[in-house]
Amino acid sequence: MSIIDSTKIFKGNIIFTPTPNEFFTIENGYIVIVNGKVKNVYKILPEEYNDFKIIDYSNKLIIPGMNDLHAHAPQFRHLGMAMDKELLPWLNDYTFPEESKFKDLDYSRNVYERFIKEVWKQGTTRIAVFATIHKNASMDLMELFIKSGLGAYVGKVNMDLNSPPYLCETSEDSLMDTEEIIVKYKDKSPIVKPIITPRFVPTCSSELLKGLGELSIKYKVSVQSHLSENKNEIAWVKELHPTSNFYGEVYNKYNLLGQSPTLMAHCSFSSREEMALMKENNVIAVHCPSSNLNVGSGMMPIRKFLDNDIRVAFGSDISGGHTCSIFKTMIYAIQVSKLFWANSNKEIPFLSNSEAFYIATKTGGSFFGKVGSFEEGYDFDALVIDDSELNYFNYSLEERLERFIYVGDDRHILHRYVCGNLIEEPRSLIQL
Ligand code: GUN
Ligand code: FE
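Residues numbered from 1 in each chain as written. Chains lettered and ligands numbered in written order. Predicted model: local features only at pLDDT ≥ 70, side-chain atom pairs only at ≥ 80, totals over all residues. Heavy atoms only, no water.

An unreviewed UniProt entry annotates the chain as Guanine deaminase of Clostridium homopropionicum DSM 5847. Quoted verbatim from the Catalytic activity (unreviewed entry) field of UniProt, the annotation for the chain is "guanine + H2O + H(+) = xanthine + NH4(+)". Per its UniProt entry, the chain bears the Pathway (unreviewed entry) comment "Purine metabolism; guanine degradation; xanthine from guanine: step 1/1." (UniProt positions renumbered as here; feature names shortened; annotations may be inferred.)

Right, dumping it as structure tokens:
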């Protein structure tokens, strides 16, 4: 392909966060993309590009795409319902029965297609998702993501203990199915990948955890799970693993805590030792404030994680969380951080807008590679925001972005790009 064919130039109001401290903005500037990656951003386009065609988004906002680092695809049908129980009863009474339906491929296809449409709609360009224990539906979810053009890490869930008989596997089947999916999908797509997904410690035998750790090392596959979300859950883990000093130590014992790139959702009640180990092993803590508020689990003290240099990303955690929007997740995170601030006599600083944006874009993106910024070499994952309806005074670019996040919605997202490619609304294979 010639340099002209492989180059795309976008014009618009460019906003991103190279650091958490401030927004970098260029008014009606240019982004040059070569082979799907950012070459540079310019206030004035250099002459060498004079003959290139420009994709003109003048007056619109061009921002990095959103990264959702924790979501449960099979819980999409339950979005916005069944919020009257805390975590363990919520799982037993609502979530496990719903997930058991995913042994039926027609059922799973219907829900998964709707889910991916919603992810696309909300401006999420990369996501890490839990599927269910079912191999075929999990592979179908991977195929649907490949077809969509969005980036996704998809985990077949592992559960062989303390799970209802209708949603439980043998350890052998669980490991065999997981390995089959890894072998089939690890090199199939550059941006849709398998990820090892023990549901959480209570539903996995030590034998299963050991086998999953071995698979993650053998195939260099990432890991995702839940950690220290709820006090009853933590007490249960202590009962099941009395010799472990803290919850995360169980994952660590079986090579599932940072021995390969790892996402741990929630971390509401992580001890000092647990946080030290997460930092040492470069684990990403995924903050899911909407879910924590709905299921009443507790709240990650996000400032403590940031102060300790632990990477923090955002997760929607649907359907514990009730929205797939990472923009709305950002707002919940800022609001919750303000409660910590108020309750600490203003000693614990709340999240700034640029910090929240940085977490949603650049830290979240760091799990997927060079993703989440418009610095040189980053994949061009971007959203084009048409906020003209909201922009009726002389707002600055930062104010326009803030207003879009707080009072805008998916109707203001004009276009989505992943790796420089325009991503159209996913089309259904079935009649929705
Ligand atoms: N812990 C184990 N499974 C789940 C789940 O599906 N959602 C949440 N929020 N926590 C969990
Ligand atoms: Fe979750």
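Now that the structure has been shown, we can carry on.
Q: Now, about the coordination of the iron ion (ligand 2): what can you tell me, with residues and values included?
A: Here the iron ion (ligand 2) is held by H70 (NE2), H72 (NE2), H226 (NE2) and D317 (OD), and the distances to it run 2.1 to 2.3 Å. The sequence pattern describing where the donors of the iron ion (ligand 2) fall on their chain is H-x1-H-x153-H-x90-D. Of this pair, H70 sits in strand β5 (residues 66-72) while H226 sits in strand β11 (residues 223-227), placing them 156 residues apart in sequence. Judged by relative accessible area, which is 2%, H70 ranks as buried. (Donors = N, O, S within 2.8 Å, 3.2 Å for Na, K, Ca; no water. Helix = DSSP H or I, 4+ residues; strand = E, 2+ residues; numbered from the N terminus. Buried < 20%, exposed > 50% of the residue type's maximum accessible area, 1.4 Å probe, protein only.)

Q: Can you lay out the site of ligand 1 for me, pointing to particular residues and giving the numbers?
A: What surrounds ligand 1 is the set H72, Q75, L87, W90, L91, R199, F200, H226, E229, H266, S291 and D317. Within the contact set of ligand 1, a nitrogen atom lies 2.8 Å away from a side-chain nitrogen or oxygen of E229. In the environment of ligand 1, a nitrogen atom lies 2.8 Å from a nitrogen or oxygen atom belonging to the side chain of D317. Relative to its unbound accessible surface of 280 Å², ligand 1 loses 100% to contact with the protein. When residues in the shell around ligand 1 are grouped by element, the largest group, three residues, is from helix α1 (residues 87-100). (Near = heavy atom within 4 Å. Polar contact = N/O pair within 3.5 Å; in protein donor to acceptor, adjacent residues only side chain to side chain. Areas by Shrake-Rupley, 256 points an atom, 1.4 Å probe, with all protein chains shown as cover.)

Q: Describe in detail the packing of helix α2 (residues 105-121) against helix α3 (residues 135-148), supporting the description with residues and values.
A: If you want to describe how two helices pack, look at the angle between their axes and the distance between the axes. Contact geometry for α2 and α3: axes closest at 10 Å, N-to-C directions at 35°. Regarding α2 and α3, the two cross each other, and that crossing is right-handed. Along its contact with α2, which presents L105, S108, R109, Y112, E113, F115 and I116, the element α3 presents N136, A137, D140, L141, L144, F145 and S148. Among the residues making up the contact of α2 with α3, the classes are represented as eight nonpolar, three polar and three charged. (Axes fitted to C-alpha atoms, helices over the stretch in contact; angles between N-to-C directions. Left-handed = near helix turned anticlockwise from the far one by under 90°. Contact = heavy atoms within 4.5 Å. Nonpolar A, V, L, I, M, F, W, Y, C, P; charged D, E, K, R; others polar.)

Q: Could you give an account of the environment of D93, with specific residues and numbers?
A: Tracing the chain through its elements places D93 in helix α1. Looking at D93, the relative accessible area reads 41%, which means it is partly exposed. Between the C-alpha atom of D93 and that of I4, which follows or precedes it by 89 residues, the distance is 57 Å. At 2.7 Å, the side chain of D93 and the side chain of K85 are in polar contact.

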